[in-house]
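A closer look at the structure
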Amino acid sequence: MADVKMVNLTIEGRTVAVPDGTSILEAAKAAGVLIPHYCYHPGLPVAGVCRMCLVEVEKAPKLAPSCATSVAEGQVVHVHSEKALEARKGVLEMLLINHPLDCPICDQAGECELQDYTYQEGRAEGRYRDPKRFNPVEDFGGDVVYVANRCILCTRCVRFMDDVAHDPVLTVAERGDRALIGKFEGEDLTHPWAGNVIDLCPVGALLSKDSLNKARAWELDRSASVCPHCSQGCNMIVETRDNQVMRLRPRPNEAVNKYFMCDHGRLNYRWMNRQDRVDVPLVRQAGVLASADWEIALRAAAALLAGKRAFVLASPNLSNEALFLLGRLAKKTGGTGAFRVPQGAEAPLPGVEDLALRADRAANGRGAELLGFTRSETPLSGLGAGDVLIVADEELAQLDASGAAKAGAVIVIGTTLPAWARHAANVVLPIANCTEEEGTFTNLRGRVQRFLQAKAAPGVARPSYFVLGDLLAAAGEGSGFWTAGQTFDALAASVPAYAGLSYDGLGLRGAMTQGALAGASA
Amino acid sequence: MGFPHKPHERETLVLSKHFGEQEAIGLDGWRKRGGYVALQKALSMTPAEIVAIVKESGLRGRGGAGFPTGVKWSFMKPGDGKPHYLCCNADESEPGTFKDREIMRWTPHSLVEGCAIGAYAIGAEVAYIYIRGEYTEALDKMNAACKEAYAAGILGTNAMGTGKTVHVYVHKGAGAYICGEETALMNSLEGRRGNPRIKPPFPAVAGLFGQPTTINNVETLVAVPHILNNGAEWYKKFGRPDNPKSTGTKLYSVCGNIQRPGNYEVPMGFPFKDFLYDLCGGPLPGRQFKAIIPGGISVPIQTREEAENSPMDYEGFVANGTMLGSGGVIVIDDAQNLVKQIARAARFFAHESCAQCTQCREGTAWTTKILERIVAGDGSHEDLETLLEIGENMTGKTICVLSDSCATPVASGLQKFRGDFEALIKKKKVHMVPAQVA
Amino acid sequence: MSATRNEMGGERAPGDLAHALHETEPHVPVFTGARRAELDELLTRYPTKMAALLPALWIVQEERGWVSSDAMAEVAQVLELTPAYVKGVVSFYTMYHQHPVGRHFIQVCTTSPCNVCGAEDVVNAFLKHTGCEELGVTSGDGKYTVIEVECLGACGFATPVMVNEKFIESVTPETVPALLASLG
């Protein structure tokens, strides 16, 4: 950035330089100091109403709301001085006088900012002796339930729906201590991105109906991942308990999804736990698919491929690593591959540049394209008579399975066994889904992003790249694809679009492929 | 004047000279009384010249803040190419204050003229008069006056034949004390909830509709024609010789337990003791003044001694334990339950809180509940300490000062009349005994 | 949404008349004919449509006596706002009624300056003589609703009372019966 005026100030004894116009709260973050706050959120316009972020600024007559006060040259800011602590303690006490002590029954417990700051800076005992205000619970529509009694009136939800979703269906209603969040009957939180208010709510006032009372926050394990439900590639967190995905939540990425995730993405997690998985290799013997061990299954598959041409029907939900190896396999036999992307209605989040639930409802269509697969509405049309059809995690639900009839043999490599395959498949190799292995997806703008493993795969199912590496080896092609990292690095070395990238270098923010679409977000 | 009583001979009648005169309400009658001479003169001057005169006069905002008006006007940068706005704050909701109401219903044209001059002086073509919704008579009279002024060519695109544009529009409020706060007033005018805004940005930079704006009280604006007609030196003559910071006359609204409640106009520095006992007639028969609040419910309560010692100007009241504020003089005598009235004041603030800031939203209601419990005989000594601490948490920490205003009567009440509170505290302390598990 | 709040918000009047957010018959638009012309003139005074919201709501209340949800939706549509936004504004300002109220909506100031002059006695006199059982509850015949309000700005003329748009000064318990009789 050229010519940005920098301002130097001292916060809690640490000197820091930030661009002119930065708030004290953000400058404190840069200095490694967290100023407690509620109404402030980097993805929303500043409100300055909760008064929790008050800090002491030397030579200023009053405490400053750090989210709404710009830095000034030479400022000396005290976050934990006695005056500032007293003020914040006062705010916490005030917030708790009408707030019901619902912790034992409130979903937010364990990830509640009111709990956290009260524990950190609040009074040990409350002094309020009078009746608390009561408001009934309200269904806000969509996935959102509003427990009005717990609301601290931070107005994050109102500002999100207004300024980010451009669908101002929430408002503050009434005045004084009667105030609460209101909506108009008939106007609900059915906006495709409305579920974000649940994440934004610092307390248990806005809750997900889907997750209601299902799990305690501290029981959950968390893994960084990428949403697989469309080509936007929103960064997410997969939360699991006892090897079940319990919840998906957005993970901040300034370049892709800011702080948000759409409802379609976040609520569609049940398939990740589906029980009807193929969890053991199968080989057809005497007309019947019977379980076999990996050695045998792989040798059987390699035998089918020997001397034949392979055609790969790939799922655009496979990782780059899996698709790369499938491509290798196809090329070795002189064959090709194709894929089809299911479509849905696009739903942008208007307040964020280039963020939408995309029409392409698959995680890695771009990745498949870059790796040489052909996109087609009728992907089986490329299948030649007598080819070995490799169906890679594609259920063929919408396709005419009869198109597969002209194949000489069928190898299914996937997470489930489609119905038609029971009669048609010769070998079935079970793989992990995207929460059970690690790998990368490439989003519609050409950004490559890593997802990590969140739970264990069922039975003896293995990571996709591992299985394909073994299959290539069994077919006589070199091995060395034991890990996703090795596979990706090999991919980067041989596919020009990925030149210069390395698996470790991707980190958890991702990186752009070469020649990414013009005008894409950086 | 001590309207509705006949003017007292010791009053100085400038703004209130024509209260009670039916003929003064209409345009013709107002013209006969010297109306619109100042506006004609102003429109032939430059805005900068007008601002200089008003600055020199020492006129300070009469709504409660007492900010020098000429200085406020000088914050409006001329020639910035942006539409400027003048807002007249006629939301008068500070308990104890009822002066603007009288100005508007007896001399509506004085306000039209004041707004027109003020708008011109700050480079605005549009002035909005925000009148609280409850002031039905003032609304009728101001609407009628504006209509007359437009018909007579005083307002409009050819104001008084000068080719300059001056619009004055009346805007009706809908029941919110907080809309008397200047930034909340702007939000309300824009069609929003009456929430005060964070400053900076200040109204003179980005105010109404995001444009440079000045907000002035009714009483401030109606003083301007007199200053232009008689000169800044004339205005400065009213006041204590040893206190040049407070000049001009002030309309005081007197109410409560006193012989002659009403509006009185006296020069700055007038002795408060004379005011209360002579002009207003003193306490009711058989009673004594106990607590006096000279500036509307938001300023500290005075003891009788402090009041009797005060010169009536900005500095004089500050030196005697309170502030001039809006000049709404509330008098409470020794027959009243002072703690009950402080509780009622807290209830007022709790009702009016806009709900943005945590300390105000929760603190005003909490303060009220504790005070009402004390009045009902269910209070404790800890409650008194808690009240003071809540008040401290409510002071200097919020977007606007409604929160501080709620804390003020409580703090000054406890400081100066603690005995009243303690008399209501239960003598017996209740000990909590843990339940026995059988 | 429940309209009754705790004691702080006392003047919301659910009443015996339908504690209704909706009108009992289908909504007839307010902004037609002369009222529409009135709104159009008001719109010329402000650079935004939103600024005409409070004036528009006053027109609704003048026409219909209260602001129903349907009326809020109409205002929203006319001024290009959302109904939720309009509701947020209506519920902020205490002078707009969100439910039908008695034919004579009696508002008595009881803030401290009037309180020390006997305002509470005036309130009790109104309750007694109107037959209203409690504050905020409309009388059985639909004629009266009595509420306490905050400072009406006539403190020197204690106790001031507003009946609908009419402002009456210096009311005492003794003058209450005659006042009620004059209302008709």
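Residues numbered from 1 in each chain as written. Chains lettered and ligands numbered in written order. Predicted model: local features only at pLDDT ≥ 70, side-chain atom pairs only at ≥ 80, totals over all residues. Heavy atoms only, no water.

This part is about the domain arrangement of chain C. Taken domain by domain, chain C holds domain 1 (20-90) and domain 2 (104-183). Each of domain 1 of chain C and domain 2 of chain C was reduced to a C-alpha centroid, and the two centroids are 29 Å apart. (Domains from an automatic or database assignment.)

All right, on to unusual backbone geometry then. Backbone torsion omega between lysine 199 of chain B and proline 200 of chain B reads 0°, so that peptide bond is classified as cis. Within the secondary structure layout, proline 200 of chain B lies in the loop between α8 (182-189) and β4 (213-217). For the bond running from proline 200 of chain B to proline 201 of chain B, omega is 5°, close enough to zero to count as cis. The topology assignment puts proline 201 of chain B in the loop between α8 and β4. Here the phi dihedral of arginine 51 of chain A falls at roughly 65°; this positive angle occurs in a residue that is not glycine. (Helix = DSSP H or I, 4+ residues; strand = E, 2+ residues; numbered from the N terminus.)

Moving on, we get to the pairing of strand β17 (residues 336-339) of chain A. Residue and element names in this part refer to chain A. As defined by bridge partners, strand β16 (residues 310-314) adjoins β17 across four bridges and the pair is classed as parallel. Bridging across to β17, alanine 314 finds its partner in phenylalanine 339. In this structure, β17 lies alongside strand β20 (residues 374-375), joined through two bridges in parallel fashion. Across the sheet, alanine 338 pairs through a bridge with threonine 374, a residue of β20. (Pairing = 2+ DSSP bridges.)

Residue and element names in this part refer to chain B. This structure, assessed with the given rule, holds 29 aromatic pairs over all chains. Ring geometry for tyrosine 128 and tyrosine 169: centres 5.9 Å apart, planes at 40°, overall tilted. One end of the pair, tyrosine 128, is in strand β2 (residues 124-131); the other, tyrosine 169, is in strand β3 (residues 167-172), and 41 residues separate them in sequence. Residue classification places tyrosine 169 among the buried positions, given a relative accessible area of 12%. (Phe/Tyr/Trp six-rings, centres within 6.5 Å; stacked < 30°, edge-to-face > 60°. Buried < 20%, exposed > 50% of the residue type's maximum accessible area, 1.4 Å probe, protein only.)

Between chain C and chain A, the contact holds 21 residues from the first and 19 residues from the second. Roughly 1,700 Å² of surface becomes buried between chain C and chain A when both sides are summed, with 57% attributable to carbon and sulfur atoms. Our enumeration of links across chain C and chain A arrives at zero salt bridges. Taken together, the connections running from chain C to chain A amount to five residue pairs in polar contact (both at pLDDT 80 or more). Of all the secondary-structure elements, those providing two or more residues to the side of chain C that touches chain A are α3 (69-79) and α4 (83-90) of chain C. Ranked by residue count, the leading element in the side of chain C that touches chain A is α4 of chain C, at four residues. Considered class by class, the residues forming the side of chain C that touches chain A number eight nonpolar, 10 polar and three charged. (Contact = heavy atoms within 4.5 Å. Buried area = accessible area lost by both parts, 1.4 Å probe. Salt bridge = Lys/Arg side-chain N within 4 Å of Asp/Glu carboxyl O. Polar contact = N/O pair within 3.5 Å; in protein donor to acceptor, adjacent residues only side chain to side chain. Nonpolar A, V, L, I, M, F, W, Y, C, P; charged D, E, K, R; others polar.)

All names here are of chain A. Reading across from one edge, β24-β25-β26 is the order of the three strands in this open sheet, with antiparallel pairing throughout. Two strands bound the open sheet, and with one partner strand each, they are β24 (439-442) and β26 (511-512). One ladder, built from four bridges, connects β24 with strand β25 (residues 447-451); its direction is antiparallel. By the bridge assignment, phenylalanine 441 is partnered in β25 with glutamine 449. Contacts from helix α8 (residues 320-332) reach β24 and β25, with the element oriented near 85° to β24. (Axes fitted to C-alpha atoms, helices over the stretch in contact; angles between N-to-C directions.)

Attention now moves to the nonpolar core. Of all hydrophobic cores here, the largest spans 169 residues; its most connected members are Tyr38 and Phe160 of chain A together with Tyr93 of chain C. It is helix α14 (residues 338-352) of chain B that contributes the most residues to this core, eight residues altogether. In this structure phenylalanine 160 of chain A touches Leu44, Ala165, Trp193, Asn196, Val197, Leu200, Phe260 and Leu349 of chain A, once residues within four positions along its chain are discounted. Ranked by size, the runner-up nonpolar core spans 64 residues in total, among them Met76, Val170, Trp234 and Phe238 of chain B. (Core = buried A, V, L, I, M, F, W, Y, C linked by side-chain atoms within 4.5 Å.)

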